[in-house]
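# Summary of the model geometry
The lines below spell out each chain.
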Amino acid sequence: MEPKRKLEDMPITHALEYYKNHCEFLGYSIEEEGEFCIVCHHPRKDLLKLILLKQNVGVMAQIIYSLPAKFYNDLIPLYMYVNELNSIFIFVKAYIRVFEDNSPIIVLTSVLEGEYSRHSFAIFLDNIDYDMRKFHSYPKTLDIWSE
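Not measured: the values here are computed from a predicted model. (Residues numbered from 1 in each chain as written. Predicted model: local features only at pLDDT ≥ 70, side-chain atom pairs only at ≥ 80, totals over all residues. Heavy atoms only, no water.)

## Focus: the pattern of salt bridges
The condition that has to hold: For this analysis, a salt bridge means a side-chain nitrogen from Lys or Arg found within 4 Å of a carboxyl oxygen belonging to Asp or Glu. In this text, helices come from DSSP runs of H or I with a minimum length of four residues, and strands from runs of E with a minimum of two, each type numbered from the N-terminal end. Burial classes: relative accessible area under 20% of the type maximum marks a residue as buried, over 50% as exposed, and values in between as partly exposed (1.4 Å probe, protein chains only).
As enumerated under the stated definition, the model contains five salt bridges in all. Residue K20 pairs with E32 through a salt bridge whose shortest N-O separation is 3.0 Å. In this pair, K20 sits in helix α1 (residues 12–25) while E32 sits in strand β1 (residues 29–32), placing the two residues 12 residues apart along the sequence. With relative accessibility at 16%, the residue K20 sits in the buried group. Overall, the relative accessible area of 52% leaves E32 in the exposed class. Where K140 meets E84, a salt bridge forms, and the shortest distance between an N and an O atom there is 2.6 Å. Of this pair, K140 sits in helix α4 (residues 139–145) while E84 sits in helix α2 (residues 76–88), placing them 56 residues apart in sequence. With a relative accessible area of 35%, K140 lands in the partly exposed category. The exposure class of E84 is partly exposed, given its relative accessible area of 22%. Several salt bridges share partner residues, and in doing so they unite E17, K20 and E32 into one network.

In structure tokens form, the structure reads like this:
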């Protein structure tokens, strides 16, 4: 009988397969974005990007939103908004990323450390959903994307 292989002994791309299969089971359609990243689309949830961390020590989830043009020249209200979000989030952290030639974006991120575990990853996704419900129901979120 062949000995059972541990996750850390498996190739990195294979480790990402666990997350990919898990998300597909939950109804996400998966698009590979390079060797260490998958983008997960779901009809009723935010677009989720999963990035395998170096040396297979965990996975980082990102949800990214482009910000409306009305904020391109004055980022102070956005920084204040992100600070407010971070004060109500438990599992996700938000930050603003500004690019020279593109619009600023808000990035919501969370990290799950350790090797893949079906139970831990399910809780991780539930935790992200918990904070995303806060994000979508927060009054300033509605104000920012309304015209």
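## Looking at a nonpolar patch on the surface
Operational definition: Patch membership requires over 30% relative accessible area and the absence of a salt bridge. Like charges are linked within 9 Å, and nonpolar side chains (Val, Leu, Ile, Met, Phe, Trp, Tyr) within 5 Å. Only the protein chains shown count as cover for residues, with accessible areas throughout obtained via the Shrake-Rupley method and a probe of 1.4 Å.
A surface patch of nonpolar side chains, about 380 Å² in accessible area, is lined by I76, Y79, M80 and V98. Along the polypeptide, Y79 turns up in helix α2. Taking relative accessible area as the criterion, Y79 reaches 37% and is therefore assigned partly exposed.

## Concerning helix α3 (residues 118–137)
Convention followed: A helix is expected to span 1.5 Å for every residue after the first. It is the directions from the helix axis to the C-beta atoms whose arc is reported.
The first and last C-alpha atoms of α3 sit 29 Å apart over 20 residues, in line with the 28 Å expected at 1.5 Å per residue. Buried within α3 we find F121, F124, L125, I128, D131, M132 and F135. Looking straight down α3, one finds its buried side chains confined to an arc of 130°; they lie on one side. Relative to its buried face, α3 has exposed residues pointing more than 90 degrees away, namely H119, R133 and S137.

## Re the side chain of T109
Worth spelling out the cut-off: Any pair of N or O atoms that falls within 3.5 Å is considered a polar contact. Within protein, one atom must be able to donate a hydrogen and the other to accept it, and sequence-neighbouring residues count only if both atoms are side-chain atoms. The contact criterion used is simple: two residues touch if any of their non-hydrogen atoms lie within 4.5 Å.
With respect to the element layout, T109 can be found in strand β6 (residues 105–113). Assessed through its relative accessible area of 15%, T109 is described here as buried. Reaching out from T109, the side chain makes a polar contact with the backbone oxygen of A61 at a distance of 3.1 Å. Each residue touching T109, except ones within four places of it in the same chain, is listed here: M60, A61, Q62, F91, V92, K93 and Y95.

## Concerning the packing of aromatic side chains
Where two aromatic rings form a pair, the distance of their centres and the angle of their planes describe that pair. To keep things clear, this is the line we draw: Only centres within 6.5 Å qualify two rings of Phe, Tyr or Trp (six-membered ring in Trp) as a pair; their planes then separate them into stacked at under 30 degrees, edge-to-face at over 60, and tilted for everything else.
For the structure shown, the criterion picks out eight aromatic pairs. Here the aromatic rings of Y19 and Y116 are separated by 5.1 Å at their centres, their planes lie at 90°, and the arrangement is edge-to-face. Of the two residues, Y19 sits in helix α1 while Y116 sits in the loop between β6 and α3, which places them 97 residues apart along the sequence. The same class applies to Y19 as to Y116, namely buried. An aromatic cluster is defined as three or more aromatic residues linked by ring pairs; in this entry it consists of Y18, Y19, Y116, F121 and F124.

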